[in-house]
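# A closer look at the structure
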Amino acid sequence: MNMSSPSTQFAPTRRMDIFEPFHHMSVWDDTFRGDIMPSTGACMVTPTNDRADDKSGYTSSEQLIPSGSEDNQAGKSISDKIQRRLAQNREAARKSRMRKKAYVQQLEKSNLKLAQLEMELERARQQGLYILGSNGNMGLSSTINPGIAAFEMEYSLWVEEQQKKNVELRNILQSHVTEMELQLLVETVLNHYYNLFRMKADAAKADVFYLMSGMWRSSVERFFLWIGGFKPSELINIVMPQLEPLSDQQIVKICNLRHCCQQAEDALTQGMDKLQQTLAQGILTMTTGMGSYSSQMVSSMEKLEALESFVNQADHLRQQTLQQMSLILTTRQSASGLLAFGEYLQRLRALSSLWAARPREPT
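Read on for a plain summary of the structure. (Residues numbered from 1 in each chain as written. Predicted model: local features only at pLDDT ≥ 70, side-chain atom pairs only at ≥ 80, totals over all residues. Heavy atoms only, no water.)

## Regarding the pattern of salt bridges
Applied cut-off: Whenever Lys or Arg places a side-chain nitrogen within 4 Å of a carboxyl oxygen from Asp or Glu, that contact is recorded as a salt bridge. Residue burial is assigned from relative accessible area. The probe radius is 1.4 Å, only protein chains are included, and a residue is buried under 20% of its type maximum, exposed over 50%, and partly exposed in between. Secondary structure elements are defined from DSSP: runs of H or I of at least 4 residues count as helices, runs of E of at least 2 residues count as strands, and each element is numbered from the N terminus.
Per the counting criterion, the structure on display carries ten salt bridges. Two residues, R217 and E221, come together in a salt bridge whose shortest N-O distance is 3.8 Å. The exposure class assigned to R217 is buried, which follows from its relative accessible area of 10%. Classification of E221 as buried rests on a relative accessible area of 3%. Between R318 and D315 there is a salt bridge, with the nearest N and O atoms lying 2.4 Å from each other. With R318 and D315 both in helix α10 (residues 306-328) and three residues apart, the pair spans about one turn of that helix. Like R318, the residue D315 is buried in the burial classification. Sharing partners across several salt bridges, the network here consists of E154, R198 and D202.

## What to know about unusual backbone geometry
Residue P245 is bonded to the preceding E244 through a cis peptide linkage, with omega at 5°. Relative to the assigned elements, P245 resides in the loop between α7 (232-239) and α8 (248-284).

## What about the nonpolar core?
Most often, soluble globular proteins keep nonpolar side chains buried together rather than apart. Where we set the bar: Take the buried Ala, Val, Leu, Ile, Met, Phe, Trp, Tyr and Cys residues and link them wherever side-chain atoms come within 4.5 Å; each set so joined is a nonpolar core. Contact definition: two residues touch when any of their heavy atoms are within 4.5 Å.
Counting residues in hydrophobic clusters, the biggest one holds 55 residues, and the most contacted among them are F151, Y155, Y193, I227, I254 and M325. Contributions of two or more residues to this core are made by α4 (146-173), α5 (179-213), α7, α8, α10 and α11 (331-356). Looking at this core element by element, the count peaks at 16 residues for α5. Aside from chain neighbours lying at most four places away, what touches F151 is M199, K200, A203, Y210, L211 and W216.

## Examining the packing of α7 against α11
To be explicit about the condition: Whenever a helix is involved, its axis is fitted only over the stretch in contact; in every case the axis is a line through C-alpha atoms, and angles between N-to-C directions fall within 0 to 180 degrees. By the definition adopted for this analysis, an angle is roughly parallel if under 35 degrees, roughly antiparallel if over 145, roughly perpendicular if from 65 to 115, and oblique otherwise. Residue type decides the class: Asp, Glu, Lys and Arg count as charged, Ala, Val, Leu, Ile, Met, Phe, Trp, Tyr, Cys and Pro as nonpolar, and the leftover types, Gly among them, as polar.
In the contact formed by α7 and α11, the axes pass within 9 Å of each other and the chain directions differ by 110°. Overall, the two elements α7 and α11 adopt an arrangement that is roughly perpendicular. Residue-level contacts link L235, I238 and V239 of α7 to G337, F341 and Y344 of α11. Split into classes, the residues belonging to the contact of α7 with α11 amount to five nonpolar, one polar and no charged.

## Points about the side chain of H192
Assignment of secondary structure puts H192 in helix α5. You can call H192 buried: its relative accessible area is 9%.

## Some remarks on the environment of K205
With respect to the helices and strands, the residue K205 is situated in helix α5. Of the residues examined, K205 reaches a relative accessible area of 61% and is grouped as exposed. Each C-alpha atom, one on K205 and one on I148, is 9.5 Å from the other, the two residues being 57 residues apart in sequence.

## Quick look at empty space enclosed by the protein
Let me state the cut-off plainly: Put plainly, a pocket is an open set of points on a 1 Å grid over the protein atoms alone with protein on both sides within 12 Å along at least five of seven lines, a cavity is a set where a 1.4 Å probe fits but cannot get out, and a lining residue has an atom within 4 Å of a point. Grid points are joined across faces, edges and corners, and a volume is the space filled by probe spheres set on the points.
Under the defined criterion, the tally for this structure stands at two cavities of 30 Å³ or more. Every residue lining the largest cavity is listed: L190, L235, V239, L322, M325, S326, L329, S334, G337, L338 and F341. Only α7, α10 and α11 provide two or more residues apiece to the lining of the largest cavity. Looking at the lining of the largest cavity, the element that brings in the most residues is α11, giving four residues. Around the second largest cavity sit W158, Y193, L196, F197, K200, R217, G229, F230, R318 and L345, which together line it. It is α5 that contributes the most residues to the lining of the second largest cavity, four residues altogether. Split into classes, the residues belonging to the lining of the second largest cavity amount to six nonpolar, one polar and three charged.

Pasting the structure below:
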């Protein structure tokens, strides 16, 4: 695994063209007509109407009957060859029908998934999930933030994919695989986390308060939340016991990295505290004079825009920590560390589910 690159680019997803299968269907229709037999050495044109009373282009049957045993055998050989070609043509047509049926089923399945997504989006719109009401509290609303709705769907898929990658890491660590295979999986898992940071950057543009509130995470995960995510220094504390044995040089580098993370975390936390103080003081000193109130509100809005920068800086620190750890550790150690951190997050979500389902005394 080579994660020395400072950033990760993601190729855009190709949009499915729903009309593409019909192009293939039109090609298959030619085969169904029985016009062409591509399975033979040269394309053979066969009649589309083989009724007994159709005699155009044919001579009398008596003139075509060969004389002698050799001619009979030659005629029989030609007849067998034609029968084989017809059988090949029928088999090709059958396979074409099967391919056509598979494409139609795939198209219907895609349409069904699209309909399900539209239903989920409409249900979320009706319930007003994660939308700020007119009074500034979480509640019902007639509109929905499309950026947050998209993030919710993406993050749900991200969690499912992370669970699959945990299983892959566990299986590959218990088997004998080449260094190349292990490194490829580690890079894939790291890119999965980088994709989460990209998703969060888009969500922060849509509603940074929603992202920082942690409503997209489970309740226990929110308990450990720091500027919209995990603390990088805590990541190091979680995975270090799973990395043994570590060389002395690795231990020194990891300790230095943790110290740098803690300094950066303190700087960002102090910046957040300073922003809160400045914002509170500005609101307290607001006056209701002509024009001054609106200008002061605009100034406060500009200060709030700095929150998006804090979230992006915190995620940048998380990404840098993952990259530096991958450079310090061996490929197998990196896989063990990623598995330990992935299982840690999975346990937090499981604990949240247990907490939500706990028996409560009636009030």
